[in-house]
Amino acid sequence: MTIHRLNIEQFRNLHHVRFEPSPHINILHGNNGSGKTSVLEAVFFLTHGRSFKASRTDSIIERGHADTTVFASIGDNRLPVGIQRDEKGKSEIRISGDPVAALSELAALVPVQFINAEAFQILEGSPRHRRQFMDWGVFHVEQMFLGAWRSSQKALKHRNTLLRSGRIVAEELAVWDKELVHYAEQVDGLRTQYLEAFESDFLALLRTFDDIPEVSLGYQRGWDKTKALSDVLKDGLERDRKRGFTQSGPQRADLRVRTGKEDVADILSRGQQKIVVAALKLAQGRHLHNTKEQKRCIYLLDDLPAELDRNHLQKVCQVLEGLDAQVFITCIDPNVFQGMWRDTENVKMFHVEQGTLS
């Protein structure tokens, strides 16, 4: 998908911004606090129904106003997509004028990959961050994944409620164990299938950076790989009851990113880690493009030049140019990108100052 026109109203310090981005590379430059990242956040908000950094709804609304609106024309057919949210958290989402109730419908329509300083959590953070990374890819590639994941979460919630109740009814527990096992196996199978196909795209892209050590991906499904989940749940029931939650299942899955036998986060420099994170995210978009009838991903890269030397930055830029995707990049000094692009006609530069673009 490509955004052809973007309107942002009363979003943080962006009072009224309207512009037509390039379908390829867009560079937003300006001083800190000028509103560069807010433009990326507005695109993310349009495609996810939430901010990537704010938990409080009213914080994204321009001070002194009651609501914010982001609107865009998207895709070859210039599909109108808009979202409005008021200070009380009420949202209205419309696609081609029709109301949309499920945020998943919005996310599926416009796949977005976001890379900022927090993206390092894929390597350094808890397994939750790596599950989110995996599940973004499976969600966009495997149509049945969302339903299986939601059903597994529902069964898990009910099982945990029973564990905490202090009165476990065997018949009721058996019902939710059966549900959890059924959908957990579906989720695990889809994750496994996706990662097996994705890994080759990731490793091929990472080889572009010849000074990065060989990296491997190791999927851990969340329970003993030698046992059926039904047996694991049965054997661990007393331990689960004491702790009040289920300790085995797809909710405990993880993705290990390693070089040799060590985690990448423990071995590589900060700049090398950024290359690995970028390769993971960019490869997901490339894999989606190759798998789902050439569906295009939008990339949002906040402060891309940070922690990258000129050689690595140029290689990342060349990869971005070759993705056949729309890219939004923020930076302070646009001169850092001089000589980085093979085709400068596909690059648009926007200066951001006090919430306005020029």
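Student: I'd like a description of helix H10 (residues 270-291), backed by residues and values.
Tutor: Along its 22 residues, H10 runs 31 Å from first to last C-alpha, staying within 8% of the 32 Å computed at 1.5 Å per residue. The element H10 is largely enclosed, with a buried count of 18 among its 22 residues.

Student: Lay out the pairing of strand S14 (residues 347-353) with the relevant residues and their values.
Tutor: Along any regular strand, the residues point their side chains to alternate faces of the sheet. Alignment of strand S3 (residues 25-29) against S14, held across 5 bridges, turns out to be parallel. When the bridges of S14 are listed, Leu-28 appears paired with Phe-350. Inspection of the sheet shows S14 paired to strand S15 (residues 356-357) by 2 bridges, in the antiparallel sense. The residue bridging Val-352 from the neighbouring strand is Leu-357, located in S15. Between S14 and S15, which pair antiparallel and follow one another directly, the connecting turn spans 2 residues, one of which, Gln-354, has a positive phi of 50 degrees.

Student: Got a sec to walk through the side chain of Lys-315? Specific residues and values, please.
Tutor: Summarising the element assignment, Lys-315 is placed in helix H11 (residues 310-321). Judged by relative accessible area, which is 14%, Lys-315 ranks as buried. Once you skip the residues sitting within four places of it in the chain, Lys-315 turns out to touch Thr-208, Phe-209 and Asp-210.

Student: I'd like to hear about the packing of helix H4 (residues 127-141) against H10, residue by residue, with values.
Tutor: Two numbers describe how H4 lies on H10: the axes approach to 10 Å, and their chain directions differ by 10 degrees. Here H4 is positioned roughly parallel relative to H10, judged by the angle of their axes. The segment H4 lies against H10, with Phe-133, Met-134, Trp-136, Gly-137, His-140 and Val-141 engaging Leu-280, Lys-281, Gln-284, His-287, Leu-288 and Thr-291.

Student: Please give an account of the nonpolar core that cites residues and values.
Tutor: In terms of nonpolar packing, the biggest core is built from 59 residues, with Phe-202, Val-276, Leu-320 and Phe-337 touching the most fellow members. Here Leu-320 is in contact with Ile-25, Leu-282, Leu-301, Leu-304, Val-327 and Ile-329, once residues within four sequence places are set aside. With 36 residues, the next largest nonpolar core counts Ile-60, Ala-72, Leu-109 and Val-110 among its residues.

Student: Break down the layout of surface pockets for me, citing the residues and quoting the values.
Tutor: Approximately 1300 Å³ is the volume attributed to the largest pocket. For the lining of the largest pocket, the secondary-structure elements that each account for two or more residues are helix H1 (36-48), helix H2 (103-109), strand S8 (112-115), helix H3 (121-124), H4, helix H5 (145-165) and H10. Broken down by element, the lining of the largest pocket gets its largest block of residues, 9 residues, from H4. Here the residues of the lining of the largest pocket are counted per class, giving 16 nonpolar, 14 polar and 10 charged.

Procedures and definitions
Residues numbered from 1 in each chain as written. Predicted model: local features only at pLDDT ≥ 70, side-chain atom pairs only at ≥ 80, totals over all residues. Heavy atoms only, no water. Helix = DSSP H or I, 4+ residues; strand = E, 2+ residues; numbered from the N terminus. Expected span 1.5 Å × (residues − 1). Buried < 20%, exposed > 50% of the residue type's maximum accessible area, 1.4 Å probe, protein only. Pairing = 2+ DSSP bridges. Contact = heavy atoms within 4.5 Å. Axes fitted to C-alpha atoms, helices over the stretch in contact; angles between N-to-C directions. Parallel < 35°, antiparallel > 145°, perpendicular 65-115°, else oblique. Core = buried A, V, L, I, M, F, W, Y, C linked by side-chain atoms within 4.5 Å. 1 Å grid on protein atoms, 1.4 Å probe; cavity = no way out; pocket = protein on both sides within 12 Å on 5 of 7 lines; lining within 4 Å. Points joined across faces, edges and corners; volume = space filled by probe spheres on them. Nonpolar A, V, L, I, M, F, W, Y, C, P; charged D, E, K, R; others polar.

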